[in-house]
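# Coordinate inspection notes
The primary structure of each chain is shown beneath.
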Amino acid sequence: MICRGRVVIVTGAGRGIGRAHALEFATQGAAVVVNDIGAELDGSGGSASPAQEVVDEIVEGLGGQAVVNGDDVANWAGAQRLVDTAISTFGRLDVVVNNAGFVRDRMFVNAAEDEWDVVVRVHLKGHFCVSRWAAAYWRDLAKTSGPEAVDARIINTSSGAGLLGSVGQAAYSAAKAGIAGLTLVQAAELGRYGITANAIAPSARTRMTETVFAEMMEAPSEGSAAFDAMAPDNIAPLVVWLGSPLSRDVTGQMFEVEGGKIGVAVGWQDGPVVDKGARWDPAELTSVIPDLLAQAPPPRPVYGSGP
């Protein structure tokens with residue numbers, strides 16, 4: 001019960017990883033706002049049923065507290081309503097887990113403007129809108145009641161695609177990379193108000209991954225005692241711990257998580273440098289750049305680019 005008494009928003013909580021987050025937070029004592037618009041994998045359509053099913057499971061199955069919210073996380077007013085739902089229903093807000101998203105996979109040369117816009121909107125703008133309204137609430141609380149009154153968490157969802165890139169997912173990769181940068185800024189700016197910000201890059205079986213990485217995501221055969229490393233509920237323990245008071249001193253980090261493995265992703269760092277002490281002539285760089293690259297560690301390959 002490491003989150004007893006805390007109030008948590010989980011976006012995209014109707015299915016998959018988000019659903020597992022919501023259930024584990026409830027198991028650990030939190031009241032949960034289950035946000036989901038019930039869209040299809042490509043973002044089309046909508047239904048309240050997935051979110052309501054999770055709420056029913058929390059309330060009836062776990063004896064916990066939960067409420068449905070069907071607002072669009074990337075809509076400015078909708079994100080405000082989502083934050084207000086937590087405060088008006090449960091009297092407070094402690095944790096935001098930004099998880100909502102969908103994909104429109106396309107090779108870059110075939111990508112359309114509208115596909116780019118909707119993917120970046122739901123992932124990057126969706127993270128911004130909900131976190132921004134939550135942060136404003138926590139800042140005002142810190143100013144009126146003192147910073148000790150706030151012990152808040154923002155937990156963002158990036159991806160290996162955001163850290164390394166993924167063939168056929170230019171918009172998704174760019175949005176997830178943007179989330180990594182956003183997390184660093186949130187951590188740097190919001191700590192003074194008692195808010196931490198961290199991100200995860202999860203690998204699990206979801207509607208987004210089970211077709212693209214079908215073999216990798218395959219579940220163990222029925223009746224097998226093997227650990228299902230790609231089950232989406234394997235991601236929740238780290239997220240719930242990050243949402244608890246126990247993670248107070250952890251901020252600005254990117255965690256990679258898959259099955260029973262948890263790792264810390266190390267971001268961009270300064271590499272080899274050469275300084276001429278004067279302006280370069282472009283032609284001189286023909287010998288300089290290859291030498292710099294030879295000194296640098298080789299980058300990890302983009303997902304889907306080959307062995």
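Residues numbered from 1 in each chain as written. Predicted model: local features only at pLDDT ≥ 70, side-chain atom pairs only at ≥ 80, totals over all residues. Heavy atoms only, no water.

Our next topic: a nonpolar patch on the surface. There is a patch of nonpolar side chains on the surface, built from Met 107, Val 109, Val 167 and Val 302 and spanning about 360 Å² of accessible area. Within the secondary structure layout, Val 167 lies in the loop between α5 (160-164) and α6 (170-190). (Patch = residues over 30% accessible without salt bridge, like charges linked within 9 Å, V, L, I, M, F, W, Y side chains within 5 Å. Areas by Shrake-Rupley, 256 points an atom, 1.4 Å probe, with all protein chains shown as cover. Salt bridge = Lys/Arg side-chain N within 4 Å of Asp/Glu carboxyl O. Helix = DSSP H or I, 4+ residues; strand = E, 2+ residues; numbered from the N terminus.)

Turning next to the packing of helix α4 (residues 113-145) against α6. One way to put it is that α4 packs onto α6 with a least axis distance of 8 Å and a crossing angle of 15°. The orientation of α4 relative to α6 falls into the category roughly parallel. Between α4 and α6 the crossing geometry is right-handed. Here Trp 116, Val 119, Val 120, His 123, Leu 124, His 127, Phe 128, Ser 131 and Ala 135 of α4 lie close against α6, whose contacting residues are Ala 170, Ala 171, Tyr 172, Ala 174, Ala 175, Lys 176, Gly 178, Ile 179, Leu 182, Gln 186 and Leu 190. Of the residues in the contact of α4 with α6, the class split is 14 nonpolar, 5 polar and 1 charged. (Axes fitted to C-alpha atoms, helices over the stretch in contact; angles between N-to-C directions. Parallel < 35°, antiparallel > 145°, perpendicular 65-115°, else oblique. Left-handed = near helix turned anticlockwise from the far one by under 90°. Contact = heavy atoms within 4.5 Å. Nonpolar A, V, L, I, M, F, W, Y, C, P; charged D, E, K, R; others polar.)

Before going further, it helps to spend a moment on the sheet that holds strand β7 (residues 254-258). A sheet is described by the order of its strands in space; here 8 strands give the open sequence β3-β2-β1-β4-β5-β6-β7-β8, paired in mixed fashion. Looking at strand neighbours, the two that pair on one side only are β3 (66-69) and β8 (261-264), the edges of this open sheet. Going from strand to strand, the sheet's axes swing by 20° on average, the running direction of each strand aside. Pairing of strand β6 (residues 195-203) with β7, which is carried by 5 bridges, proceeds in the parallel orientation. By the bridge assignment, Pro 202 is partnered in β7 with Val 257. Along the sheet face, helix α1 (residues 16-27) touches β1 (7-11), β2 (31-35), β4 (95-97) and β6 and points at about 170° away from the line of β1. Together, β1, β4, β5 (152-157) and β6 form the strand contacts of α4, whose direction differs from that of β5 by roughly 175°. (Pairing = 2+ DSSP bridges.)

It is worth spelling out the packing of aromatic side chains at this point. One pass over the structure, following the stated rule, counts 2 aromatic pairs. Between Trp 76 and Phe 128, the ring centres sit 5.6 Å apart and the planes meet at 20°, which makes this aromatic pair stacked. Of the two residues, Trp 76 sits in helix α3 (residues 76-90) while Phe 128 sits in helix α4, which places them 52 residues apart along the sequence. You can call Phe 128 partly exposed: its relative accessible area is 39%. Relative to Trp 133, the ring of Trp 76 lies with its centre 4.9 Å away and its plane at 45°, an arrangement referred to as tilted. Of the two residues, Trp 76 is situated in helix α3 and Trp 133 in helix α4; the sequence distance between them amounts to 57 residues. With a relative accessible area of 36%, Trp 76 lands in the partly exposed category. (Phe/Tyr/Trp six-rings, centres within 6.5 Å; stacked < 30°, edge-to-face > 60°. Buried < 20%, exposed > 50% of the residue type's maximum accessible area, 1.4 Å probe, protein only.)

With respect to burial, β2 is a largely interior element, 5 of its 5 residues being buried. Neither face of β2 is left uncovered, since the one carrying Ala 31, Val 33 and Asn 35 and the one carrying Val 32 and Val 34 both have all their residues buried. Pairing of β1 with β2, which is carried by 5 bridges, proceeds in the parallel orientation. Note on β2: the bridge partner recorded for Val 8 is Val 32. Chirality of the crossover, the property in question, places the unit of β1, α1 and β2 among those that are right-handed. (Right-handed = clockwise from strand over helix to strand, strands pointing away.)

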